[in-house]
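Notes for the structure review
One-letter residues, chain by chain:
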2 protein chains.
Amino acid sequence: MERKDADVCEIYYVNEAHVQSARQVLSPDREILSLAEIFRTLGDPTRVKVLQALSVEELCVCDLAKLLGISESATSHQLRVLRNQKLVRFRKEGKMAFYSLDDAHIDSLMKEALRHVREGADQYRGTERVRESAG
Amino acid sequence: MERKDADVCEIYYVNEAHVQSARQVLSPDREILSLAEIFRTLGDPTRVKVLQALSVEELCVCDLAKLLGISESATSHQLRVLRNQKLVRFRKEGKMAFYSLDDAHIDSLMKEALRHVREGADQYRGTERVRESAG
DNA sequence: TTAACGTATGAGCAGTTGTGCATATTATCG
DNA sequence: CGATAATATGCACAACTGCTCATACGTTAA
């Protein structure tokens, strides 16, 4: 468990304290993995587009394929990824499969990230983010 | 621009309407890419841990390496990724490099995602489709 | 039944990613 | 100066990812 850390940094005692306190706030491993998995799922342009598109209304696979500009096969593959992550669900109507969002958090996540992106694009890094545009 | 879509689905006209309205809400490509990039950056367990750890206090590379259980080289590599994404910053103090969070949004993003993960773990899907087995 | 359509899935491939190893860089100490 | 410590970086490699292609599945129409 605790290995000697005399060989780590020169202020090894403070080091250990830092590591310990940092370890406190770390989520358990399974949560870390789930977190990373969610983000990784969102970390693909195609899937971001799918989720944005589905935030308006349900769409069938061929609609999405056309919108995305990729094959219906690729679209189906991506939808399966999103389905496995419980981010979308689908209903069958005849031969068609209509997909829709299956998660409320995801939209907030994307909107929050979008805010970040938009800030960063225009005038990122003020000084310390002191009153970005407070009047 | 508009290609014939008579070969897509059978209700091609409705299809086109759906695709059009969906296209409306899609962010411009560069924003989509930035979004995906941010999420992809967050989509790795090691980096999630780094960000969680740094949410408490700044840490040096060797602290982080110890906390993560990976080499200091790998840690440095990951910190560079986070640095490039402007998610962390660092200050040099002698030979040490102390890293800290450089973004306010990220913490909210992670907390929001954590909520999602925690809901999903225990009693996922209770919001929308209650009574799935209702006739 | 056969045929066509919309979708799903497995295989394979090119491109990417995270890590360790070796080495370079920078700073402190003697 | 040289030696050592803390960090950074180039390279290599295994693992993974997203796509296309081929094919299978389920539904509808004839």
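Residues numbered from 1 in each chain as written. Chains lettered and ligands numbered in written order. Predicted model: local features only at pLDDT ≥ 70, side-chain atom pairs only at ≥ 80, totals over all residues. Heavy atoms only, no water.

1. Brief notes about the side chain of Thr41 of chain A
Within the secondary structure, Thr41 of chain A is located in helix H2 (residues 29–42). Look past the residues within four positions of Thr41 of chain A in its chain and what remains in contact with it is Arg47, Val81, Leu82, Gln85 and Leu87 of chain A. (Helix = DSSP H or I, 4+ residues; strand = E, 2+ residues; numbered from the N terminus. Contact = heavy atoms within 4.5 Å.)

2. Some details on the interface of chain A and chain B
Taken together, the contact between chain A and chain B spans 62 residues of the former and 63 residues of the latter. When the two sides are added together, the surface that chain A and chain B hide from each other amounts to roughly 6,200 Å², 63% of it contributed by carbon and sulfur. In terms of surface lost to chain B, no three residues of chain A exceed Phe39, Lys66 and His105 of chain A, which account for 12% of the buried area on that side. Linking chain A with chain B are five salt bridges, by the criterion used here. Of all the secondary-structure elements, those providing two or more residues to the side of chain A that touches chain B are helix H1 (12–25), H2, helix H3 (45–54), strand E1 (59–60), helix H4 (61–68) and helix H6 (104–123) of chain A. (Buried area = accessible area lost by both parts, 1.4 Å probe. Salt bridge = Lys/Arg side-chain N within 4 Å of Asp/Glu carboxyl O.)

3. Digging into unusual backbone geometry
Residues and elements named next belong to chain A. One non-glycine residue, Lys86, lies in the positive phi region at around 60 degrees. By the element assignment, Lys86 lies in the loop between helix H5 (72–84) and strand E2 (88–93). Residue Lys86 is classed as partly exposed on the basis of its relative accessible area, which comes to 38%. (Buried < 20%, exposed > 50% of the residue type's maximum accessible area, 1.4 Å probe, protein only.)

4. So, the environment of Ser27 of chain B
Along the chain, the position of Ser27 of chain B falls in the loop between helix H1 (12–25) and helix H2 (29–42). Ser27 of chain B has contacts with Gln52, Leu114 and Arg118 of chain A together with Ile32 of chain B, leaving out every residue within four places of it along the chain.

5. Describing the sheet that holds strand E3 (residues 96–101) of chain B
Residues and elements named next belong to chain B. In spatial order, the strands read E1-E3-E2; together these three strands make up an open sheet with antiparallel pairing. Pairing within the sheet leaves two strands with one partner each, and these edge strands are strand E1 (59–60) and strand E2 (88–93). For E1 and E3, the ladder comprises two bridges, and the chain directions are antiparallel. What sits directly across from Cys60, in E3, is Phe98. Together, E2 and E3 form the strand contacts of helix H5 (residues 72–84), whose direction differs from that of E2 by roughly 120 degrees. (Pairing = 2+ DSSP bridges. Axes fitted to C-alpha atoms, helices over the stretch in contact; angles between N-to-C directions.)

6. Some details on the relation of the copies chain A and chain B
You can overlay chain A on chain B at an RMSD of 0.1 Å; the transform is a turn of 180 degrees with a shift of 0.0 Å along its axis. Expressed as a symmetry operation, the mapping of one chain copy onto the other fits a two-fold axis. The share of interface residues of chain A whose copies in chain B are also at the interface is 100%, consistent with both copies meeting through the same surface. (Least-squares fit on C-alpha atoms with pLDDT ≥ 70 in both.)

7. Looking at the pattern of salt bridges
Counted according to the given criterion, the structure contains 15 salt bridges over all chains. The partner of Lys49 of chain A in a salt bridge is Asp29 of chain B, and the shortest N-O contact between them spans 3.9 Å. One end of the pair, Lys49 of chain A, is in helix H3; the other, Asp29 of chain B, is in helix H2, on a second chain. Given a relative accessible area of 18%, Lys49 of chain A falls into the buried group. Owing to a relative accessible area of 52%, Asp29 of chain B belongs among the exposed residues under this scheme. Asp102 of chain B serves as the salt-bridge partner of Arg89 of chain B, at 3.8 Å between the closest nitrogen and oxygen. Here the residue Arg89 of chain B occupies a position in strand E2, and Asp102 of chain B occupies one in the loop between E3 and helix H6 (104–123), the gap between them amounting to 13 residues.

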